[in-house]
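# Structural overview for review
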Amino acid sequence: MNSPMTVDFSPGATDLARGLIASLARSFRIAEHDRADITIVDGSTGWATRALAAIDAGAARLFIMEPVLDDIQALRNLTDRIDRTKTQVVVSEGYADNPALSGFRQSLTHDFRVVVLRGWGEYTLRTLVLMQVRILRAIGVHAVELVDVLAGTDAALVTAQGQLIHGKTVLRLGATRTSGVPAQQILVAHAGDASARIDLFEGVTARPAQANLVTAAGRHSLPTVYESAHRARLRQLAEGQTHGLAGGVLQFVDDAEWVMSLFR
Amino acid sequence: MSKSTQHGAAADRVNVGIIGAGLVVQSIHIPVLQRLSDTFAVRCVWDVDHERSAALAAQLHAAAASSLEQLLSDESIDAVAICSPAAFHAEHALAAMRAGKRALLVEKPLCGTLAEVEAVAAMAAETGTALVMGSMHLYDPAWREATRLRGERTLVPRSISSNIVLPPNARFEQWAFEASEQKKHATGSAWTAASLMRIAIMELAIHDLPLVRRLLPEDAVPRVTFARLLEPFGYALTAEAGGVVLDLFCSINSHWQPTWTLEATGANAQLQISFTPSFVHAGSGVATWRERGLTIDKDPERDNGYVHEWRHLAHVLKGEEPRPDVHEFRRDYRFAFAVAEQACEFLASGGVQ
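Please read all numbers here as calculations on a predicted model, not as lab measurements.

This part is about the pattern of salt bridges. Evaluated as defined, the whole model comprises 37 salt bridges over all chains. Between D56 of chain A and R81 of chain A there is a salt bridge; the shortest N-O distance is 2.4 Å. Pair noted here: D56 of chain A is in helix α2 (residues 47-56) and R81 of chain A is in helix α3 (residues 72-85), with a separation of 25 residues, a long-range link. A relative accessible area of 54% places D56 of chain A in the exposed class. By relative accessible area, which is 18% here, R81 of chain A ends up buried. One salt bridge connects R118 of chain A with E263 of chain B, and the closest N-O pair in it is separated by 2.7 Å. On the criterion of chain membership, the pair formed by R118 of chain A in strand β6 (residues 112-121) and E263 of chain B in strand β11 (residues 259-266) is interchain, its members lying in two chains. On the accessibility criterion, R118 of chain A (10% relative accessible area) is buried. A residue is classified by how much of its surface remains accessible, and E263 of chain B, at 7% relative accessible area, is buried.

Residues and elements named next belong to chain A. Pairing is parallel across the open sheet formed by five strands, whose spatial order is β2-β1-β3-β4-β5. Strands at the two margins of the open sheet, each flanked by one partner only, are β2 (28-30) and β5 (88-92). Neighbour-to-neighbour, the strand axes of the sheet open up by a mean angle of 30°, direction not taken into account. As defined by bridge partners, strand β3 (residues 38-42) adjoins strand β4 (residues 61-65) across four bridges and the pair is classed as parallel. Looking at β4, one finds that T39 is bridged to L62.

Turning to the domain arrangement of chain A, a few remarks are in order. Residue and element names in this part refer to chain A. By domain assignment, chain A separates into domain 1 (5-94 + 230-262) and domain 2 (100-224). Distance from the C-alpha centre of domain 1 to the C-alpha centre of domain 2: 24 Å. Tallying the contact residues gives 20 residues for domain 1 and 22 residues for domain 2. For the pair domain 1 and domain 2, the summed buried surface comes to about 1,700 Å²; carbon and sulfur atoms form 66% of the total. Applying the counting criterion to the domain 1 and domain 2 interface returns three salt bridges. The salt bridge involving R137 is made with D255; its shortest N-O contact spans 2.8 Å. Here domain 1 is connected to domain 2 by four residue pairs in polar contact (both at pLDDT 80 or more).

What counts as what
Residues numbered from 1 in each chain as written. Chains lettered and ligands numbered in written order. Predicted model: local features only at pLDDT ≥ 70, side-chain atom pairs only at ≥ 80, totals over all residues. Heavy atoms only, no water. Salt bridge = Lys/Arg side-chain N within 4 Å of Asp/Glu carboxyl O. Helix = DSSP H or I, 4+ residues; strand = E, 2+ residues; numbered from the N terminus. Buried < 20%, exposed > 50% of the residue type's maximum accessible area, 1.4 Å probe, protein only. Pairing = 2+ DSSP bridges. Axes fitted to C-alpha atoms, helices over the stretch in contact; angles between N-to-C directions. Domains from an automatic or database assignment. Contact = heavy atoms within 4.5 Å. Buried area = accessible area lost by both parts, 1.4 Å probe. Polar contact = N/O pair within 3.5 Å; in protein donor to acceptor, adjacent residues only side chain to side chain.

Quick look at the structure:
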């Protein structure tokens, strides 16, 4: 058996991260006097600057937990630094790394021509839309092009076009800022003869996503997975899988730049 | 037991004349009126297709009028259901009011043009006719509960989403009724994207647009920023009104699972209503109100909005409820018309189709 990877935390990393490490005791342990294999960086606003500081301090590998849409210049500085130092940086996103998305993606075998995402939470609109774009990445959508955006102060509706398995897909992303209800993202994909839906909850808990596929044969529920996105991502990291469903940090920064361009 | 005891005293019942004998009448209004036979009696049916109206009238033991004038001249008829194509609603409503009918139930959309709506509203005000709009979602118990909750609690929407996913109508027709006569109607006209969008808004989105308007700030004016038709049929429409982002979406596809939801999300609360499809008599919608750790669910009821709109008409005629505010219907129509026209203009001006 391999010895556990050692972990330390950048300033601001939460107790949640410590709890996750404790739940994977054979794979990880908190570094004491030894050098950490992984530095966990809290993904709240300013995370790119914190990540830069961690790299400058000699961090070998970063694990960015729940990154929001941060300052673009700071993100660009980070990607430059990653490129120069070859530091391995893993992003862990509550929605896009939900372990249920892997099975959901595999179930998308019909000709889905429209994908609708509705989401809400106590984030900025930019972060809510970025979360949605990252979910789209996780189900295999690529070549995303903006068609229209309507952005108010607290709600936005983005129409875009992308490629998903069989061809062009219309994408509708509706995001609303609210503190009235728990954060959630609901994705529904429509084909002429099928629909697929996944309800995703925030990644800090193991509350499972609910996913189903409706075809002429009936409604098929996908297995529930009682594991949080961040724990699943840490396990992938322990197993040497550093590329997530939604891609790596460079793809994340590309998507962040795309989202920022919507709100100019 | 006497017949009058079984079905209510004949004198107490509202005698109804029906203009139009198409699918909506056969699948929706006739079953509802038969369920409410204590309150209503269908006396006469008229349709431009005389064979169709004769078949329906025979089924109901009612008279088949040979003309609109004949139906309207029947003095025993208290209320007229106007279920003809929308382009004829104004003509038929005005004629019914001129004939002295006390109440009209007009299927949505109220008319074909803004000028017609003004004319109908003006005559309703002048004659004191009770004008009930066939906006069944407005009468659905789920919406009524949502309205009650909004009166008690606070929801200032930031976004509103109307989301309709339906199999083609034929499937529901088969589940809901047996047509008295099935005819293949010619559909030879060449549909443009704009004309399809107008139909989509005024015949599908119109179910929810009056509710959307009531969730918005008073007199909010819609501004459509994006419209697109979807294949095989449907629409995706983006609009803003009163600072609220509106997402209107419909997809007609060939699988079996319908969903019909209206969702409004504000800073502190969220309202979700799930409606049953129109044609099937599957009871009311379900409303869910969520705010800060609290969820209030309104269970479904046996009666849907159609049943309640007819009951409302009867209560108005008996003086038990006030006459509907015709100006509200005018506002509803203006709102829907503006959405439809702007969506059509968007497509006609080279918007994405």
